[in-house]
Amino acid sequence: MPGVVETPAGPAWSGLGFTVAHQKVELEIDFMSKSLRGKTEITIHPHYRELKVIRLNFRQGELKRLNVNGKAPSIKYADPYESLHLYGPHYHSRLSTKIDGLMKNQPEGDLLITLPKSVRIEELDPFSLEAQDQMALRATDIPEESDGPLSSRAPETSLPRFSALTVYAEFTIDNIRDGLQFVGVDGGDRRYPHAYTTNRLGYGFGCPLFPCVDDSLSRCTWELSIKCPCTLGDMFDRKARDQPNSTASGRSKTSSGRSRYVSSDDETLDLTVVCSGDMTDEIVDPRDPSKKTVSFACAYPLSAQQLGFAVGPFEYVNLTDFRESDQDEQLGRNAIPVHGFCLPGRAGETRNTCFPMAKAIDFFSLSYGSYPFSSYKICFVDDLLESTLPTACLSICSNHLLFPEEIIDPMYESTRKLTSALASQWVGVNIVPKEPADTWVTVGVAWYITDTFMRKLCGNNEHRFRMKQMSDRVCDLDYERPSIYDMGNILKLDPSEMEFVALKAPLVLFILDRRLTKASGKATMSRIISRLFLNARMGELPNGAVTSSFFQKTCERLGHAKLDTFFQQWVYGAGCPRFQATQRFNKKKLVVEMMIRQVQSEQPTTRDLERDSFMRDVKEEIHGVYAGVVQPVFTGSMTIRIHEADGTPYEHIVEIKEGVTKFDIPYNTKYKRLKRNKRQKERAAVATGADGNPENQEDTLLYCLGDVLQTEDEIQDWKLADWSKEDEERMGQESYEWIRMDADFEWICKLSLVMPGYMYLSQLQQDRDVVAQLESLQYMAAQREHPLISTIFVRTLMDRRYFHGIRTTAARALIKHAKEEINWLGLHHLERAFQELFCIPGSPMTRSNDFTDRAAYMLQLVIPEVISKVRDNSGKTPMRVKRFLYDKLKFNDNSNNEYSDNFYVATLMESLCDALLGRTESRTDDISDFSMEAVLEFQAEEQLEKDAIAEIDRYRRMDEWSSSFQNLYTRAALRCQRRLMDAKMMENDIMQFLPYTRMGTYDLLRLDAFECLIEFDIFKVPEVLRWFIFTMSTDPSTWLRRQLHILFGRALAPVAFGEGTTDQTTAQQGGLIIEQESSTEVRQADLARRQTVTGALDALKKELAGNVTLKESLWAACNSPSVGLLELSELTDLCKVLYAAIVSVQVALKYPRYWKVRHTGKGKLHFYRSDRIRTTLTPGKDSTVASTKRKRDEQGMPPPAPRITFKQSKLGPSTPSTPIHAPPQHHITKLHIPNFPSPSQPTPRASNTPSTPATPGGGLKLKLKFGQKPT
């Protein structure tokens, strides 16, 4: 496909030549040294008798012992992590090449085992006992061939043809950089110690903890045994604690650098092992009662990447208890047990957060197919890189998702993420993508079925409203990006790539379901997904791997339609359509004439780069990722719904085939408009208090939404406006109420329909679909400020029958109408609405909080946030706004509320800060003429600002004594203080934020503190820059390191864009400001750095070229023993961005000297170097020797005498050094790598790789060569 990412080439080695049938793994985890040792036994079935080499994957470890069938083979193994050194920021190209090879989707074998000659591969009789035993091991494998290079079965038959091989290996890993995360082990970290695996499916590299075949398509059965301490007290050496001066044991010496105190109450906490598979036994070590071994068995075939475990003092929560009784009866014995595990003290939060999981697993089992494993476990841990990490029958989840009963704000998002982790058990773990480009299938299906459950849980309105919001977001983000198919190959570049695939892929399946369901009349996507799961269960998917083509064929077979065009546009193509439509009623023909144009190719080709996506754009640029071609035409059917004058909706299906589509829609109702008159009669009846007749009551149902605040007193009190007589007459002449495009939500697009505003009002008030209501609000929100539109918004806000998302959208739209031009009408409506909903009647004082009505609570959050953005024409916040928000924060009362107000208070703090930022640069000019009122107003405003800042800081100090949920108060206060410092309302003080960046602080608070630091332009503060990069590369928290990488990219963006740079051509003389226009080249360069990636990169290199602190810190970060492979890739990308690659080095060599020989007598020769220097090259010896040989052969010459040659050797410690008077040479600077070791990391093994390039030099080596002896 043109303009898309090229699929990476296949693996360098094609085919393993064997199949892994079974693997046993025994691991022992040492928490004190953060190390691992273990052994594994791999049962291998050769594919042919001539198999000589077994290739396995194993990294970052050391092999202690290895044999094949008990015989010692020859081994070729070098830990690839040992060679990952950076010799300088400019020498990044060599390191990048190595990293790319290790991060390939099908990595090459690191461990090559050459079979000894004594190990023979014999052909088996299929009816022999050995063949039957091997078949028993392979009984659970998928009995179908796979054409992939790493197939998990023999290519010809499922029966073993050759005798099995057993590979046994013992290994240790002293410095774990990938695959296993330790938490709470380092000194200063007060969290409960625990450890867990970090295999991330889809990132191109999997399980590096033991020798295995590291590929998602290589599956086998497993036996895992994990040895760990019995209790938390046994985790650390008790002798070292009881006898601090004792150094008798090596363990005490090792742990002296990492002291970790465990309280006496916590020492007795038992350690629990949570692992993929079913637990078989738990045995206390008879030789060491402080340790135990927990064993698990996986009877279903899994790849090494799909295994996961966690070890820690976890509490158990039985989530099966939340299953409803009717579900128990319906499922019976097929009900899947759901187990929860959490750190001590968080069992209540786990119950509250995970109670929908039993309902979700039952819903998926009944709707799409049986659960692929025997049980489901959820384990909550700290420092998890992502929100959820699904492995086989186990989801490791972040503690950030947990929330107690009194917190209601994160309810939807946490539930959705946990449900997606559960959905990944069906598709993502049990079913995997065959190629990286097929990732959109597994990700899209997982999120699609997640959203179907959320629709069942939260209702159809919530589901459709969020679908519409997701659709709008995709249209905004899908600009100059590859297709979701091609993005599968670049998921490792940036986390936002996976986020975009997870956003668009389920939407593509959603609109596909809408189209297929419309054609067949019954739900189609659910049947497609059920068939996909059934195929995997029946073995029709080789190795459980799905491809895009197979998924398309399944959709076509069950949908009874050809989908080549759909998949070409939405899966293999990029971008989204943008429609502009016009409509006109033809009175003569009684038809509605419409024209639909696709204008996506007419969009601006350039737009300003954004700070949040800058690093993603940069990585795509340096890795050669290109955007998909903008598709000029999207095709498909679209439903046009016309609501005619009698209220009847008529649907018309239009086929969109060209860039401009014109069509006529027949009109069905007599040309007469009656409904407006009926509505006027209703209003009159309401005003007089009369009851309407049955006809009017039936008509009232058509106007049930938005008809609030209709009495004369309410209209005057709320300052409401109504349609003018001209508008009423024009409305009376219309033949239909409104026209709705894409009424069935079959497109991911932007729609613009030219239609009068009162038709959009009718759509808002009469259409029951929340998507139609949202589209109406979006159209009216784009119009200029007007009292009538403000009236419509406030009536929508106050009508409790609207969905809460529609009400909050209307509240946000009122900000545009809070202008001086219309007498602050929007502000009055917002204040009046808040007073009516949340204040004591007749008083501005708020009532005690009551969050039992969640829809009202959402409004209570949004209205202060909207009010804080009100500004006058000079950009100043009105005094009444500041007073309003200050009073709401100061007099907030949550004493009688059963729910927490932490999120509400944090919102009020940031809203008050927003209002304070709206101030003029010099307010003293406004009161230059003496005016007592102006002076008093200025003093009152100044005092209010001081009180507001003090109130914000009061909540920060309050949080130190009684912590809010996730330290919300402190985090909001820090963000407010940083913004106030930017506005010069507070003194710049970096020390206000630095204490919160230390280890031991809550991780979300640390992240916010670092985010505040980067706003101070850390590149101009060397100490802060050095501390930031040091933490980014050595902190024990993988999650924090990843977030700091993202923040560092956001810190680079303003430097690249040139934000904050002052114009030197501006001069001020007296009261006159003289501005000199910049040259055309300067303006073009400034435009290029803000709109093009190449221009931004060039400017960034120039700005930071002389920053020595940045260069040294990045160099040290790349050589940190703590960073993993993915982080190292990020760091080398930064070096690529900032520094030009140097691929050659100038080397200075000493000139050779002539040698002399002296005969000392008695057959002794003394060779020594003379002072004469050789400066020219001699003729090549090969040509001389060849010509001499030919001449000798031709003339029959005798063999030559012994020949003496000299060969230059490398400089060594034994090389004699004599004074050499060589010509002056260029001085070669000695390279030096700054060393910033992490005190919390174990000392890595000594590497043979030098830390800096060695400078070659030379002595000379004597070499004697003799000719043939004469015969």
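One can find the structure itself at the top, above this paragraph.
Residues numbered from 1 in each chain as written. Predicted model: local features only at pLDDT ≥ 70, side-chain atom pairs only at ≥ 80, totals over all residues. Heavy atoms only, no water.

Visitor: When you look at the overall build of the chain in this model, what are you seeing that I'm missing?
Guide: A tally of regular secondary structure across the chain gives 38 helices and 34 strands. Expressed as a percentage of its 1271 residues, the buried residues of the chain come to 53%. For the chain, the computed accessible surface area is about 59,300 Å², with 51% contributed by carbon and sulfur atoms. (Helix = DSSP H or I, 4+ residues; strand = E, 2+ residues; numbered from the N terminus. Buried < 20%, exposed > 50% of the residue type's maximum accessible area, 1.4 Å probe, protein only. Areas by Shrake-Rupley, 256 points an atom, 1.4 Å probe, with all protein chains shown as cover.)

Visitor: I keep staring at the nonpolar core and nothing clicks. Help me out?
Guide: Note on soluble globular proteins: their nonpolar side chains tend to be buried together. By size, the foremost hydrophobic cluster in this structure holds 248 residues, and its most contacted members are Ile54, Trp222, Trp440, Phe533, Phe551 and Phe567. If you tally residues by element for this core, the top one is helix H12 (residues 495-520), at 13 residues. Filtering out sequence-adjacent residues up to four positions away, Trp440 remains in contact with Val445, Ile484, Tyr485, Val501, Ala505, Leu509, Ser548, Phe551, Phe567 and Val571. In terms of nonpolar packing, the next biggest core, distinct from the first, is built from 62 residues, Met103, Ala1051, Ala1096 and Ala1117 among them. (Core = buried A, V, L, I, M, F, W, Y, C linked by side-chain atoms within 4.5 Å. Contact = heavy atoms within 4.5 Å.)

Visitor: Quick question: what am I supposed to make of the packing of aromatic side chains here?
Guide: Geometrically, a pair of aromatic rings is defined through the distance of the ring centres and the angle of the planes. What the rule picks out here adds up to 42 aromatic pairs. Ring geometry for Tyr316 against Phe341: centres 5.5 Å apart, planes inclined by 55°, an arrangement best described as tilted. Of the two residues, Tyr316 sits in strand S15 (residues 315-318) while Phe341 sits in strand S16 (residues 338-342), which places them 25 residues apart along the sequence. On the basis of relative accessible area, Tyr316 is assigned to the partly exposed category, the value being 43%. Pairing Phe510 with Phe745 gives two aromatic rings, centres 5.2 Å apart and planes at 80°, and the pair type is edge-to-face. (Phe/Tyr/Trp six-rings, centres within 6.5 Å; stacked < 30°, edge-to-face > 60°.)

Visitor: Can you help me understand the packing of helix H22 (residues 770-781) against helix H23 (residues 787-798) in this one?
Guide: If you want to describe how two helices pack, look at the angle between their axes and the distance between the axes. Contact geometry of H22 with H23 gives a least axis separation of 11 Å together with a crossing angle of 150°. If you check the angle between H22 and H23, you find them roughly antiparallel. Crossing handedness for the pair H22 and H23: left-handed. Contacts between H22 and H23 pair Leu777, Met780 and Ala781 from the former with Ile789, Ile792 and Phe793 from the latter. (Axes fitted to C-alpha atoms, helices over the stretch in contact; angles between N-to-C directions. Parallel < 35°, antiparallel > 145°, perpendicular 65-115°, else oblique. Left-handed = near helix turned anticlockwise from the far one by under 90°.)

Visitor: Help me understand the pairing of strand S3 (residues 53-56), please; the structure alone is not making it clear to me.
Guide: Every regular strand shows the same layout, with side chains that alternate between the two sheet faces. On S3, burial follows the alternation: Ile54 and Leu56 on one face are buried, whereas Val53 and Arg55 on the facing-out side are not. Across 4 bridges, S3 lies against strand S6 (residues 111-114) in antiparallel orientation. Within S6, the residue paired with Val53 across the bridge is Thr114. (Pairing = 2+ DSSP bridges.)

Visitor: Looking at this structure, I do not really get the sheet that holds strand S2 (residues 35-46). What am I missing?
Guide: Strands in a sheet are paired, the pairing made by backbone hydrogen bonds, and the direction either parallel or antiparallel. What the 7 strands build is an open sheet, ordered S4-S7-S2-S1-S10-S13-S12; its pairing is mixed. Strands at the two margins of the open sheet, each flanked by one partner only, are strand S4 (62-68) and strand S12 (278-284). Averaged over all pairs of adjacent strands, the angle between strand axes in this sheet comes to 15°, irrespective of strand direction. Both S2 and strand S7 (residues 165-173) contribute to a ladder of 9 bridges, which runs antiparallel. Each bridged residue has a counterpart across the sheet, and for Ile44 the counterpart in S7 is Leu165.

Visitor: Sorry if this is basic, but what is going on with the pattern of salt bridges here?
Guide: Side chains that differ in charge, positive against negative, can pair when their charged atoms come close. Taken as a whole and judged by the stated rule, the model has 65 salt bridges. Taking the shortest distance from any N to any O, the salt bridge between Asp608 and Arg1090 comes out at 4.0 Å. Separated by 482 residues along the polypeptide, Asp608 in the loop between strand S23 (591-598) and helix H16 (614-622) and Arg1090 in helix H34 (residues 1080-1091) bring together distant segments of the chain. By relative accessible area, Asp608 is classed as partly exposed at 43%. Given the relative accessible area of 29%, Arg1090 is considered partly exposed. For Arg957, the salt bridge goes to Asp953, with nearest N and O atoms at 3.2 Å. One end of the pair, Arg957, and the other, Asp953, are both in helix H29 (residues 932-961), 4 residues apart, so they sit about a helical turn from each other. Through salt bridges that share partners, Arg464, Lys468, Asp472, Arg740, Asp767, Asp769 and Glu775 make up one connected network. (Salt bridge = Lys/Arg side-chain N within 4 Å of Asp/Glu carboxyl O.)

Visitor: Even after reading the chapter, I still don't get a nonpolar patch on the surface, so can you show me in this structure?
Guide: Judged by side-chain polarity, Ile840, Met845 and Phe891 come together as a nonpolar surface patch covering roughly 250 Å² of accessible area. Within the fold, Phe891 resides in the loop between helix H27 (879-890) and helix H28 (902-917). Judged by its relative accessible area of 38%, Phe891 is partly exposed. (Patch = residues over 30% accessible without salt bridge, like charges linked within 9 Å, V, L, I, M, F, W, Y side chains within 5 Å.)

Visitor: How should I be thinking about the sheet that holds strand S27 (residues 736-741) in this particular structure?
Guide: The strand order across the open sheet formed by 3 strands is S25-S24-S27, and the pairing between neighbours is antiparallel. Each edge of the sheet is formed by a strand with only one pairing partner; in this case those strands are strand S25 (649-656) and S27. Taken pair by pair, the neighbouring strands of this sheet meet at an average axis angle of 20°, ignoring direction. Sheet topology places strand S24 (residues 636-644) next to S25; 8 bridges connect them, and they run antiparallel. Note on S25: the bridge partner recorded for Met638 is Val654.

Visitor: What am I meant to see in helix H1 (residues 92-102) here?
Guide: Residues that lie three or four places apart on an α-helix share one face, since the helix turns once every 3.6 residues. Within H1, the full set of buried residues consists of His92, Leu95, Ser96, Ile99 and Leu102. Here the buried residues of H1 occupy an arc of 120° about the axis, which is enough to place them on one side. Check the buried side of H1 and you find it contacts helix H37 (1125-1138). (Arc of directions from axis to C-beta.)

Visitor: I keep staring at helix H36 (residues 1108-1118) and nothing clicks. Help me out?
Guide: Of all 11 residues in H36, 8 are buried; the element is thus mostly enclosed. Taken together, the buried positions of H36 are Thr1109, Leu1110, Ser1113, Leu1114, Trp1115, Ala1116, Ala1117 and Cys1118.

Visitor: It is not clear to me how unusual backbone geometry should be interpreted in this structure. Could you clarify?
Guide: Peptide bonds are trans in most cases, and residues, glycine excluded, mostly fall at negative phi. At Gln60, a position not held by glycine, the phi torsion is positive, near 55°. With respect to the helices, strands and loops of the structure, Gln60 is situated in the loop between S3 and S4. With phi around 55°, Lys1162 is a residue other than glycine that occupies positive phi space. By secondary structure assignment, the location of Lys1162 is in the loop between strand S31 (1153-1161) and strand S32 (1164-1173).

Visitor: Would you take a moment to explain the side chain of Ser424 for this structure?
Guide: Within the secondary structure, Ser424 is located in helix H9 (residues 411-426). Beyond its immediate chain neighbours, meaning those up to four positions away, Ser424 contacts Pro390, Val429, Asn430 and Ala446.

Visitor: What is the right way to look at the pairing of strand S26 (residues 660-666) in this model?
Guide: The alternating pattern of S26 places Thr661, Phe663 and Ile665 on a buried face and Val660, Lys662, Asp664 and Pro666 on a face that is not buried. Taken together, the 7 bridges between S23 and S26 define a ladder with antiparallel strand orientation. Residue pairing for S26: Met595 is matched across the bridge by Lys662.

Visitor: Is there a simple way to think about the side chain of Glu556 in this case?
Guide: The topology assignment puts Glu556 in helix H14 (residues 548-559). Engagement of the side chain of Glu556 in a polar contact is seen with the backbone nitrogen of Leu563, the distance being 3.0 Å. Not counting chain neighbours up to four residues away, the residues in contact with Glu556 comprise Ala561, Lys562, Leu563 and Asp564. (Polar contact = N/O pair within 3.5 Å; in protein donor to acceptor, adjacent residues only side chain to side chain.)

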